[in-house]
Amino acid sequence: EAVAAEWMLEFSCSCLCRHFAEQSGAEFWRWRDVAQALINGLSQIPPHQKKTVYLCQLLIRIAQGKSLGLKFENDQRISPLESALSFWTLLEREENKLEKLHEDIRRLIQIQIIAVHMENRYFKEAAEVLERLFTDSESDKPLRVKLATVIKTKDPYVPLLQSFSYSLLISKIKSYIKLSMKENETNFLIQEATKHVLSQGLGATALLNRAVEVNEDDKSDLESKQRFVLSIILLRDLLGKMQNCCLDVDSSLFWIYIDYLLGLNNMQNLGKNRVSLACSRRRQRWTHKEDLELKSGVREFGVGNWAKILAHGNFNNRTSVMLKDRWRTLSKIE
């Protein structure tokens, strides 16, 4: 049970990180409850899971950092962000790298603790927090003096607080999450689940060999790989239900769904009558304006980045595969 709980906690932390990064509120709160229940069930934190626990607790508090009414500590004076700072300190002790990112996040949390109090007009409390946050070390003195001056102005919109905003803090936390997730791509439950999905659904290996327009960042991203596996299974089932239709695995409909499920296209490109839409795409002529959009996209993003060109361009019901084929045709003509 202890080993299984460890795997579940790792997986819960991975889900928390992903949904925090994607700003998926409902999913984030659902996995927060799961992670918190698992953490509460630990009699003590195993040394190799300290970082996982600290990261979960940090994200939960950062996500609710502006809610001063929430209390995570027995000391009622401690705000969510001040509690988050304590877990960030514990995380720093578990790592010997990323010193610059660590320092940036620490300063942003400290500044935002003061900023949130000031936004709520709690100026006295902000001054008390300042005394708790900073020691007498010389390295802290410049920031401490600046924040003391800001509190005296009683203005929550001074340049210092605007420059080191809450959105910047979230952005830095996302950068840290990205690095953490890259380190933990070997998550046991994800590996086993992927094996199970493959064993249950992938009989046609030719589908995996078909080129899909994904940029290099997406290829290296664990989530994209998982979504690709699941999309192939869904597509197999879809095409299986359309036996009376003329479509095969090379049809436009197949690749429209690939684009959508990989997040490389917009659902708006799928009409209510998907079959007629797919058929219309196959015989739809390219306009001069679309050709110009394609050329402009290639100049900006480079040949091969069809998904990115599609996302930023103004095309009429096209897929990334269509863009690639059209570019090949234009290259031959020119």
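As the structure is a prediction and not an experimental result, all values here were calculated from the model.

Peer 1: Is there a simple way to explain the overall build of the protein chain in this structure?
Peer 2: A tally of regular secondary structure across the protein chain gives 18 helices and zero strands. In the protein chain, which comprises 334 residues, the share counted as buried stands at 42%. When contacts within the protein chain are restricted to residue pairs at least 6 apart in sequence, those whose partners lie at least 24 apart make up 65%. Entry remark: accessible area of the protein chain is about 18700 Å², with carbon and sulfur atoms responsible for 51%.

Peer 1: Could you clarify how one ought to interpret helix α18 (residues 320-333) in this entry?
Peer 2: Every α-helix carries 3.6 residues per turn, so stepping three or four residues along brings you back to the same face. Helix length check: α18, at 14 residues, gives a terminal C-alpha distance of 20 Å against a target of 20 Å (1.5 Å per residue), a fit within 8%. Within the span of α18, buried status applies to Ser 320, Val 321, Met 322, Leu 323, Arg 326 and Leu 330.

Peer 1: Please explain the packing of aromatic side chains as it appears in this structure.
Peer 2: Two descriptors summarise a pair of aromatic rings, namely the distance from one centre to the other and the angle between the planes of the rings. All told, the structure shown has seven aromatic pairs when counted by the stated rule. Here the aromatic rings of Phe 20 and Phe 28 are separated by 5.9 Å at their centres, their planes lie at 55 degrees, and the arrangement is tilted. Across the pair, Phe 28 and Phe 20 agree in class, each one buried. Across from the ring centre of Trp 286, 4.2 Å away, lies the NZ or CZ of Arg 318, which sits over that ring.

Peer 1: Honestly, the packing of helix α2 (residues 25-40) against helix α3 (residues 50-63) in this entry has me stumped. Any pointers?
Peer 2: The relative placement of two packed helices comes down to the angle between their axes together with the axis-to-axis distance. Relative orientation of the contacting elements α2 and α3 amounts to 140 degrees, with a least axis distance of 11 Å. It follows from the interaxial angle that α2 and α3 lie oblique. Once α2 is placed against α3, the crossing between them reads as left-handed. Only Val 53, Cys 56, Gln 57, Leu 59, Ile 60 and Ala 63 of α3 make contact with α2, whose side of the interface consists of Phe 28, Trp 29, Arg 32, Ala 35, Gln 36 and Ile 39. Considered class by class, the residues forming the contact of α2 with α3 number nine nonpolar, two polar and one charged.

Peer 1: Please clarify how the nonpolar core should be interpreted in this entry.
Peer 2: In a soluble, globular protein the nonpolar side chains are often hidden away together inside. If you look at the biggest cluster of nonpolar residues, it comprises 54 residues, and the most contacted ones within it are Leu 58, Leu 59, Ile 62, Ile 114, Leu 147 and Leu 169. The residues touching Leu 58, leaving out its near neighbours within four places in the chain, are Ala 84, Phe 87, Trp 88, Leu 91 and Ile 173. Residues Leu 294, Leu 310, Phe 315 and Leu 323 belong to the second largest nonpolar core, which totals 10 residues.

Peer 1: What exactly am I supposed to notice about the pattern of salt bridges here?
Peer 2: Pairs can form between side chains of opposite charge once their charged atoms are near each other. Applying the stated criterion across every chain, the model contains 13 salt bridges. The partner of Asp 33 in a salt bridge is Arg 32, and the shortest N-O contact between them spans 3.0 Å. Between Glu 119 and Lys 66 there is a salt bridge, and its shortest N-O distance comes to 3.6 Å. In this pair, Glu 119 is assigned in helix α5 (residues 99-119) and Lys 66 in the loop between α3 and α4 (80-93), connecting sequence segments 53 residues apart. Judged by relative accessible area, Glu 119 falls into the partly exposed class, the value being 37%. On the basis of relative accessibility, which here comes to 41%, the residue Lys 66 falls in the partly exposed class.

Peer 1: Sorry, what's going on with the packing of helix α1 (residues 2-21) against helix α9 (residues 166-183) here?
Peer 2: Direction vectors running N to C along α1 and α9 enclose 140 degrees, while the axes themselves pass 10 Å from each other. With respect to α9, the axis of α1 lies oblique. By crossing handedness, the relation of α1 to α9 is classed as left-handed. Where α1 approaches α9, its residues Ser 14, Cys 17, Arg 18, Phe 20 and Ala 21 are matched on the opposing element by Ile 170, Ile 173, Lys 174, Ile 177 and Met 181.

Peer 1: So what exactly am I meant to see when it comes to unusual backbone geometry here?
Peer 2: Residue Gln 23 is not a glycine yet carries a positive backbone phi of 55 degrees. Mapped onto the fold, Gln 23 is located in the loop between α1 and α2. You can call Gln 23 exposed: its relative accessible area is 53%. Notably, Lys 154 is not glycine yet its phi reads approximately 55 degrees, a positive angle. Its location among the elements puts Lys 154 in the loop between α7 (141-153) and α8 (159-163).

Rules and cut-offs
Residues numbered from 1 in each chain as written. Predicted model: local features only at pLDDT ≥ 70, side-chain atom pairs only at ≥ 80, totals over all residues. Heavy atoms only, no water. Helix = DSSP H or I, 4+ residues; strand = E, 2+ residues; numbered from the N terminus. Buried < 20%, exposed > 50% of the residue type's maximum accessible area, 1.4 Å probe, protein only. Contact = heavy atoms within 4.5 Å. Areas by Shrake-Rupley, 256 points an atom, 1.4 Å probe, with all protein chains shown as cover. Expected span 1.5 Å × (residues − 1). Phe/Tyr/Trp six-rings, centres within 6.5 Å; stacked < 30°, edge-to-face > 60°. Lys NZ or Arg CZ within 6 Å of the ring centre and 35° of its normal. Axes fitted to C-alpha atoms, helices over the stretch in contact; angles between N-to-C directions. Parallel < 35°, antiparallel > 145°, perpendicular 65-115°, else oblique. Left-handed = near helix turned anticlockwise from the far one by under 90°. Nonpolar A, V, L, I, M, F, W, Y, C, P; charged D, E, K, R; others polar. Core = buried A, V, L, I, M, F, W, Y, C linked by side-chain atoms within 4.5 Å. Salt bridge = Lys/Arg side-chain N within 4 Å of Asp/Glu carboxyl O.

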